[in-house]
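Here's the letter readout for the chains.
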Amino acid sequence: METDPVSYVIADRIAWVRFNRPEKRNCMSPALNRRMLEVLDQIEFREDVGVLVLSGEGSAWSAGMDLKEYFRETEAQGLGAIRRSQAEAYGWWRRLRWYQKPTIAMVNGWCFGGGYGPLFACDLAFAADEAKFGLSEINWGILPGGGASKVAVELLSLRDAMYHALTGEAIDGRKAAEWKLVNESVPLAQLEARVREVAEVLLQKNPVALKATKDAIRRVKEMTYDNAEDYLVRAQEAANSYGRHGRDEGLRQFIDDKTYKPGLAAYDR
Ligand code: ACO
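Before going into details, it helps to say that this report is about the structure given with it. (Residues numbered from 1 in each chain as written. Predicted model: local features only at pLDDT ≥ 70, side-chain atom pairs only at ≥ 80, totals over all residues. Heavy atoms only, no water.)

What follows is about the pattern of salt bridges. For the coordinates displayed, the defined rule picks out 23 salt bridges. Here Arg21 makes a salt bridge to Asp66, at a shortest N to O gap of 3.0 Å. With Arg21 in the loop between strand 2 (14-19) and helix 1 (30-44) and Asp66 in the loop between strand 4 (60-62) and helix 2 (67-75), this residue pair connects regions lying 45 residues apart in the sequence. With its nearest N and O atoms 3.0 Å apart, the salt bridge here joins Glu154 to Lys150. Taken together, the residues span about one helical turn, with Glu154 and Lys150 both in helix 5 (residues 148-155) at a distance of 4 residues. When salt bridges that share partners are traced, they join Asp4, Arg35 and Glu38 into one network. (Salt bridge = Lys/Arg side-chain N within 4 Å of Asp/Glu carboxyl O. Helix = DSSP H or I, 4+ residues; strand = E, 2+ residues; numbered from the N terminus.)

Structure representation (structure tokens):
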């Protein structure tokens, strides 16, 4: 029987989802992409999950697209198969970008090319110092497609993005943090503990506000100031209609009870 290309465990309201093809350095085959979408579907609205962490089994986070199964074998089946495979891959990354729960990429090892799609899709990213990141497309003769070029310019300075894409040189977790490709890098032995710590902070927050906030941060990046102002008023009003209780409670504990300060901590849920 074939091993499931995606594994997951739910514990203490955190869903630990892992690329699970360690012998292939977790590269993304069409089967993995289809399975990942199923897993994301299964977890998205579970009441017992507040945060999703995406990591990899073994020495890799993900070595990018499966050059054999995603490229060579799919291309041999013609344009229809190519477009289907692209839609499957891009589909789960898009789904992850707008996921209901906050998401954290826990980059434990290799992260190449197509891996930048899910890396960017996760709201936060923490890497091992030992991890290696690369836009390696240039090394085998293509451009960084599947959104990877867009991810590079969204997250890096133009100079760093250009250097990264043109040279195909891999950088380690520390450099990735310096370039802001990830939030932070820590020694591999501490990575899971650090991610758990951040997940626990998120678990204290109002889930309606978390979803509204993560969407707002992504959406306003592409808006003019006036459009952003308008969007944010409407997004808050929409969130009020199904998250009213949380907001009212947050106001009450600050203004009436004086039990916390929103500038310093979250209200007691
Ligand atoms: N596509 C297909 N197979 C892969 C991929 C990949 N992206 N990455 C690793 N594998 C396979 C190898 O072919 C090998 O298979 P085999 O055991 O059947 O021979 C197995 O995974 C293990 O790989 P090794 O190279 O032996 O592992 P090692 O730990 O020495 O090196 C490394 C890891 C550096 C990640 C190396 O595998 C590599 O360079 N992979 C390709 C990375 C890459 O450039 N990906 C494409 C990015 S571009 C894009 O995604 C569009």
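What follows is about the packing of aromatic side chains. Within this structure, the stated rule accounts for 9 aromatic pairs. A centroid spacing of 5.1 Å and a plane angle of 85° characterise the contact between Tyr70 and Phe71, whose relative ring orientation is edge-to-face. In this structure, Tyr70 and Phe71 share a single accessibility class: buried. Clustering of aromatic rings is evident, with ring pairs tying together Phe19, Trp61, Tyr90, Trp92 and Trp93. (Phe/Tyr/Trp six-rings, centres within 6.5 Å; stacked < 30°, edge-to-face > 60°. Buried < 20%, exposed > 50% of the residue type's maximum accessible area, 1.4 Å probe, protein only.)

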